[in-house]
Amino acid sequence: MRYARSVLSAAALAALTVGSTAALTAPASAAPNTTPQKVCGSAYKTVNSAPVGSLGTVYLTYNASNGKNCVATIRNNPGTALEMSAWVYVPDTEQGDDDWGVYTSYAGPTYVYGKAHCVDWGGHISNVYVQVTGSNCGALKEHRVTFTR
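The text that follows walks through the structure, step by step, so that each part is easy to find. (Residues numbered from 1 in each chain as written. Predicted model: local features only at pLDDT ≥ 70, side-chain atom pairs only at ≥ 80, totals over all residues. Heavy atoms only, no water.)

## Some points on the side chain of Arg 75
Step number 1: By the element assignment, Arg 75 lies in strand 3 (residues 68-75).
Step number 2: Here Arg 75 occupies a buried position and makes no salt bridge, while the nearest side chain of opposite charge, Glu 83, is found at 12 Å.
Step number 3: Side-chain polar atoms of Arg 75 contact the backbone oxygen of Thr 104, separated by 3.1 Å.
Step number 4: Residues contacting Arg 75, with those up to four places away along its chain left out, are Leu 55, Gly 56, Thr 80, Ala 81, Leu 82, Met 84, Tyr 103, Thr 104, Ser 105 and Ile 125. (Helix = DSSP H or I, 4+ residues; strand = E, 2+ residues; numbered from the N terminus. Buried < 20%, exposed > 50% of the residue type's maximum accessible area, 1.4 Å probe, protein only. Lys, Arg positive; Asp, Glu negative; His and termini not counted. Salt bridge = Lys/Arg side-chain N within 4 Å of Asp/Glu carboxyl O. Polar contact = N/O pair within 3.5 Å; in protein donor to acceptor, adjacent residues only side chain to side chain. Contact = heavy atoms within 4.5 Å.)

What follows is the structure, given as structure tokens:
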């Protein structure tokens, strides 16, 4: 009986230690199961996307009520912080926004007014970069480039 109590006490102490350690450590990802709408806002609908190799996806979203585009780069497997970016630019108005940093889950949001304009957008994860130019402007064909550095 005394042995069983010692084993149970040790197991309880181990569980308490593991639980408190887990509670004190940072999560592996700032936002698991992130979507473009969670990053940009629920009114933003995905209108285009481009894979960032096998690491994730850059999303172009649009909010019809305010005419703004938003771009977010989201990793497939959040975890260790990596260099990431998201950017959007309207050549007609020379307006743009970007977000560059070291993130565990996503870069962005980046916003620009893009109603009735072509937009250039893209992002990167680690050393894989994506840029899309002349996008979402009717008959004009967009140009996509993916490269590593």
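## Comments concerning the state of the cysteines
Step number 1: A full pass over the atoms with the stated rule returns two disulfides.
Step number 2: Disulfide pairing is shown between Cys 40 and Cys 70; the S-S distance is 2.0 Å. Judged by the sign of its S-S torsion, about -75°, the cystine formed by Cys 40 and Cys 70 is left-handed. Separated by 30 residues along the polypeptide, Cys 40 in helix 2 (residues 36-40) and Cys 70 in strand 3 bring together distant segments of the chain.
Step number 3: Note on Cys 70: relative accessible area 0%, which makes it buried.
Step number 4: Between the sulfur atoms of Cys 118 and its disulfide mate Cys 137 the distance is 2.2 Å. In this structure, the disulfide formed by Cys 118 and Cys 137 twists by about 95° around the S-S bond and is classed as right-handed. Highlighted residues: Cys 118 in the loop between strand 6 (106-113) and strand 7 (119-125) and Cys 137 in the loop between strand 8 (128-135) and strand 9 (143-148), separated in sequence by 19 residues.
Step number 5: Taken in sequence order, the bonded cysteines of the protein link in the pattern 1-2, 3-4. (Disulfide = S-S within 2.5 Å.)

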